Amino acid sequence: MNHSMIQSSVTLMGLQQKIDLIAHNVANVNTSGFKRKEASFIDILASRAGQPPGFAREGRLTPPGFHYGWGARLGHIRIDFSQGTLKETGNPLDLSIEGNGVFEVEVPVQDADGNITYETRWTRNGAFSLSVNPEEPSELFLVTDNGHYVRGTDDERIRIPAGSKIKVDPDGTVWAQARPDLPAVQVGRLKLLRVLRPQSLEQDGNNLYKLPQGMNIAVEDVLQNVAEEEPGMAPIQVRQGFLEQSNVNLGEEMSELLQAQRAYQLNSQAVRSADTMMNIANNLRGS
Amino acid sequence: MLRGLYTAAAGMIAQQRKHDTVTNNIANIQTPGFKRGETVARTFPEMLIARIRGSQGEPKSEVIGRLNTGVFAEEYIPVFLQGDLQETGNVFDFALISNIEVEGMTFDASGKYVAPDGQVTFQPQAFFTVLHPDGERRFTRNGRFTVDAAGTLVTPDGYPVLGTDEQPIILRDPETDAPVDDFLLDSGGVLRTADGQPLGALLISRVDQPHRLIPEGNGVYRLAPGDGAPAVQVVGGEVQIRQGYVERSNVDAAQSMISMTMALRIYEANQKVIQYYDRSLEKAVNEVGRI
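Residues numbered from 1 in each chain as written. Chains lettered and ligands numbered in written order. Predicted model: local features only at pLDDT ≥ 70, side-chain atom pairs only at ≥ 80, totals over all residues.

**Section: the overall build of chain A**
Under the convention used in this document: A helix here means a DSSP run of H or I that spans at least four residues, while a strand means a run of E at least two residues long, and both kinds are numbered starting from the N terminus. Exposure in this text rests on C-beta crowding, where 20 or more other C-beta atoms within 10 Å of a residue's own make it buried, 12 or fewer make it exposed, and counts in between make it partly exposed. The C-beta atoms are placed from the backbone. Contact between two residues is assigned whenever their backbone-derived C-beta positions fall within 7 Å.
Counting its regular elements, chain A contains three helices and 21 strands. Principal-axis analysis of the C-alpha atoms places the extent of chain A at approximately 95 × 45 × 40 Å. Within chain A, the proportion of its 287 residues that are buried is 34%. Here the contacts in chain A between residues at least 6 apart in sequence split such that 64% fall between residues at least 24 apart.

And the structure:
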């Protein structure tokens, strides 16, 4: 049996996954609010060939048995929640979070009977816009760029009277001013959550995060409502007119890619070497 | 009888094992905390060769000498050289720097000391201590930890990381039980919350005979049956922990390529030897006694 071939091909697969992951990060270098993912390798569970006690001869350094490794696999993929740089856009509906927080949005989910229910998701992407409330045309909802409703601290959608100017305070309070000569009115406060356990969040596409299903994880253990926090915690603030850029660092990704590619090459060399070995064994009898 | 035929075949198998070990090292060149392995070959037990029928006037039986008729891959020895540290900036990443001195011994570049009488001693090594689901301890140099939903500090495979109180380290505020997301490691190996509350200290085990550890995969090692439990290593001085770093694999690509090529070529040389024996046999079978 050719272990070398198995080890190398298994590892090639893992390296391919790593390269895919890097490609995903690089592809999102311009996605606002995007958080890069990183992965590391773990050696695969090893096996040990038994050796009878007679093998324990003088000069032997290890206990009886011969170790067989089976290569490496990609394990432990995690989301890097570090802050991205803020870019000024001047658009009053572009909001960014400074600090380790997320916005809460609701996403429509169609169940088996065709009924639409709303599920909670979180996002760092604050490129919001407004959409008209179909039931009340004088009212607008604050929505994400995918049209998902943004929630306030009261767990309701944020509603803004049509035609008003919007101002957002650093603590997330949203003010609407209908006319310049009228005072601004508070229309809600953005629900901000502090991410305590980014390891327990799962990416859901469209730059959204959710809790992994079927793992019975309590929301309080992962996210903490910033509005209910005691003072003294690291600040989480909303910046109006700014967008958070992706936290992908191209230089870093390229050097990771380079290393992964070289490791891929090295492993394909190992495959070639193992192949030559099989060829030698096949030609044992001569041709 | 052509003894060498089997000797060469044994040589091929031994080189195959060597090749397997090298390719496994290559496979783990990006695995944090991985320690490369080396295969040690041993000759088959010696046998005594004696002449059983001498010519006239010579003794009937005379010892000619000793002969080994093969080789096998005897053991796999992990080499616990320090790997390079790589900065990740993640608070859940820890790297061990271990350079434990033993009085009267100077360890060479491969971490061993050979006494004048030939006795080999390996440098003791420090490891993170984790708890396997079977209740036994495992040891690892892969300090890329994470946290589970309950707040326990775990390895990527979910093995809890033990603290000096022999209990898993829980990342929750000791007073309020609130999950802690920001913590710092002080120079004594104690994890503290941002305002200085201790969360637990990482239990570092000192293994005096690291080469006897059995690699289990998943980045962990277990003790060989019968070996005593390792002592607790005090952090600071010879052994340090760095937060925000991981220890890279200590596999060297160039060295591995050379070892791999060597194993392959010796394998090929052994194949040639078999072919030569084959020719001899061919002659013996087909040509000797041809009329």
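**Some details on the overall build of chain B**
Selection criterion: As a reference, a globule follows 2.2 Å times the number of residues to the power 0.38, and the radius of gyration itself is taken over C-alpha atoms.
A count of helices and strands for chain B gives two helices and 21 strands. Scaling as 2.2 N^0.38, a compact globule of 291 residues should have a C-alpha radius of gyration of about 19 Å, whereas chain B reaches 27 Å, well beyond that. The principal-axis extent of the C-alpha atoms belonging to chain B is close to 100 × 40 × 35 Å.

**A look at the sheet that holds strand S10 (residues 137–140) of chain B**
Residues and elements named next belong to chain B. Put simply, the rule is: Should DSSP find at least two bridges between two strands, the strands are taken to pair.
Strands sit in the order S17-S18-S10-S9-S16-S19 across an open sheet of six strands; the sheet is antiparallel. Among the strands making up the open sheet, the edge pair consists of strand S17 (214–217) and strand S19 (231–232). Direction of pairing for strand S9 (residues 125–131) relative to S10: antiparallel, over a ladder of four bridges. Looking at S10, one finds that Val130 is bridged to Arg138.

**Observations regarding the interface of chain A and chain B**
To keep things clear, this is the line we draw: Note that Gly is not counted as nonpolar here; it falls among the polar residues with everything else outside the nonpolar set of Ala, Val, Leu, Ile, Met, Phe, Trp, Tyr, Cys and Pro and the charged set of Asp, Glu, Lys and Arg.
With 48 residues of chain A at the contact, the number on the chain B side is 47 residues. Those elements giving two or more residues to the side of chain A that touches chain B turn out to be helix H1 (3–27), strand S1 (37–43), strand S3 (66–68), strand S4 (72–79) and helix H3 (250–282) of chain A. Among the elements that take part in the side of chain A that touches chain B, H3(A) stands out by supplying eleven residues, more than any other. The residue makeup of the side of chain A that touches chain B, split by class, is 21 nonpolar, 20 polar and seven charged.

**Describing the nonpolar core**
Using the following cut-off: A set of buried residues qualifies as a nonpolar core if it consists of Ala, Val, Leu, Ile, Met, Phe, Trp, Tyr and Cys joined through C-beta atoms within 7 Å.
Of all hydrophobic cores here, the largest spans 36 residues; its most connected members are A:Phe103, A:Val150, A:Ile158, A:Leu190, A:Leu192, A:Leu193 and A:Val195. Sequence-distant contacts of A:Val150, that is, excluding residues within four places in its chain, are made with A:Phe103, A:Val105, A:Phe128, A:Leu142, A:Val143, A:Thr144, A:Ile158 and A:Leu190.

**A closer look at the sheet that holds strand S14 (residues 173–177) of chain A**
All names here are of chain A. Note the following rule: Each axis is a line fitted through C-alpha atoms, and for a helix only the stretch in contact is used; angles between axes span 0 to 180 degrees, taken between their N-to-C directions.
Taken together, the three strands give an open sheet; going across it, the order is S13-S14-S15, and neighbouring strands pair in antiparallel fashion. In the strand order of this sheet, the two ends are held by strand S13 (165–168) and strand S15 (185–189), each with one partner. Neighbour to neighbour, the strand axes of the sheet diverge by 30° on average, direction disregarded. As judged from the four bridges shared by S14 and S15, these two strands associate in the antiparallel manner. When the sheet's bridge partners are listed, Ala176 is paired in S15 with Val185.

**Considering unusual backbone geometry**
Phi is positive for A:Asn207, close to 65°, though the residue is something other than glycine. Take A:Asn207: it is sitting in the loop between strand S17 (202–203) and strand S18 (208–210). The backbone of B:Glu166 shows a phi angle near 65°, a positive value even though the residue is not glycine. Its location among the elements puts B:Glu166 in the loop between strand S12 (153–154) and strand S13 (183–185).

**Some thoughts on the domain arrangement of chain A**
Residue and element names in this part refer to chain A. Note the threshold: What fixes the domain bounds is an automatic or database domain assignment.
When cut into domains, chain A gives domain 1 (3–80 + 249–282) and domain 2 (86–244). Taking the mean C-alpha position of each, domain 1 and domain 2 sit 41 Å from one another. Across the contact, seven residues belong to domain 1 and twelve residues belong to domain 2. For the side of domain 1 that touches domain 2, the per-class residue count stands at two nonpolar, three polar and two charged.

**Points about H3(A)**
Just so we agree on the cut-off: Multiply 1.5 Å by the residue count of a helix minus one, and that product is the helix's expected span.
Here H3(A) is 33 residues long and its end C-alpha atoms lie 47 Å apart, about the 48 Å a rise of 1.5 Å per residue gives. Check the buried side of H3(A) and you find it contacts H1 of chain A together with helix H1 (4–27) and helix H2 (253–287) of chain B.

**Focus: the domain arrangement of chain B**
Residue and element names in this part refer to chain B. Domain parsing of chain B yields domain 1 (4–77 + 252–287) and domain 2 (82–247). For domain 1 and domain 2, the distance between their C-alpha centroids amounts to 39 Å. Taken together, the four residues of domain 1 in the interface contact nine residues of domain 2. A per-class count over the side of domain 1 that touches domain 2 returns two nonpolar, one polar and one charged.

**Some words on the packing of H3(A) against H2(B)**
Rules: What sets the label is the angle itself: under 35 degrees gives roughly parallel, over 145 gives roughly antiparallel, 65 to 115 gives roughly perpendicular, and the rest give oblique.
Interhelical geometry of H3(A) versus H2(B) gives an angle of 5° and a closest axis separation of 10 Å. The orientation of H3(A) with respect to H2(B), classified from their angle, is roughly parallel. Contact with H3(A), carried on its side by A:Leu266, A:Gln269, A:Ala270, A:Ser273, A:Thr276, A:Met277 and A:Ile280, involves B:Ala253, B:Met257, B:Met260, B:Leu264, B:Tyr267, B:Glu268 and B:Gln271 of H2(B) and no other residues of that element. Looking at the contact of H3(A) with H2(B), its residues break down into nine nonpolar, four polar and one charged.

**Points about the packing of H1(B) against H2(B)**
Residues and elements named next belong to chain B. Rules: Less than a right angle of anticlockwise turn of the near helix away from the far helix marks a crossing as left-handed, whereas a clockwise turn marks it as right-handed.
Relative orientation of the contacting elements H1 and H2 amounts to 160°, with a least axis distance of 8 Å. Taken together, the axis directions place H1 and H2 in an arrangement best described as roughly antiparallel. Here H1 runs over H2; the crossing is left-handed.

**Focus on the confidence of the model for chain B**
Do not read the predicted coordinates in detail wherever pLDDT is low. Put simply, the rule reads: Each residue gets a pLDDT score, which is the predictor's confidence in that residue and runs from 0 to 100.
Averaged over all residues, the pLDDT of chain B is 89; the fraction at 70 or higher stands at 99%. Scored as a complex, the prediction yields pTM 0.87 and ipTM 0.86.

**Brief notes about the pairing of strand S15 (residues 198–201) of chain B**
Residue and element names in this part refer to chain B. Two strands pair when backbone bridges link them, and strand S14 (residues 190–193) and S15 are joined in this way by three bridges, in the antiparallel orientation. Counted as the bridge partner of Leu191 is Gly200 from S15. With antiparallel pairing between neighbouring strands as the criterion, S14 and S15 make up a hairpin whose turn holds four residues, including Gly196 at a positive phi of roughly 95°.

**As for the pairing of S14(B)**
All names here are of chain B. Pairing of S13 with S14, which is carried by three bridges, proceeds in the antiparallel orientation. Along S14, the bridge assignment pairs Leu184 with Arg192. Between S13 and S14, which pair antiparallel in sequence order, lie four residues; one of them, Gly189, sits at a positive phi of approximately 85°.

**Let's talk about the environment of A:Trp70**
All names here are of chain A. When you line up the elements, Trp70 lands in the loop between S3 and S4. Classification of Trp70 as partly exposed rests on a count of 19 C-beta atoms within 10 Å. For the pair formed by Trp70 and Ile160, sequence separation is 90 residues and the distance between their alpha carbons is 59 Å. With residues near it in sequence (within four places) discarded, Trp70 still touches Ile6, Gln7, Val10, Ile44 and Ala46.

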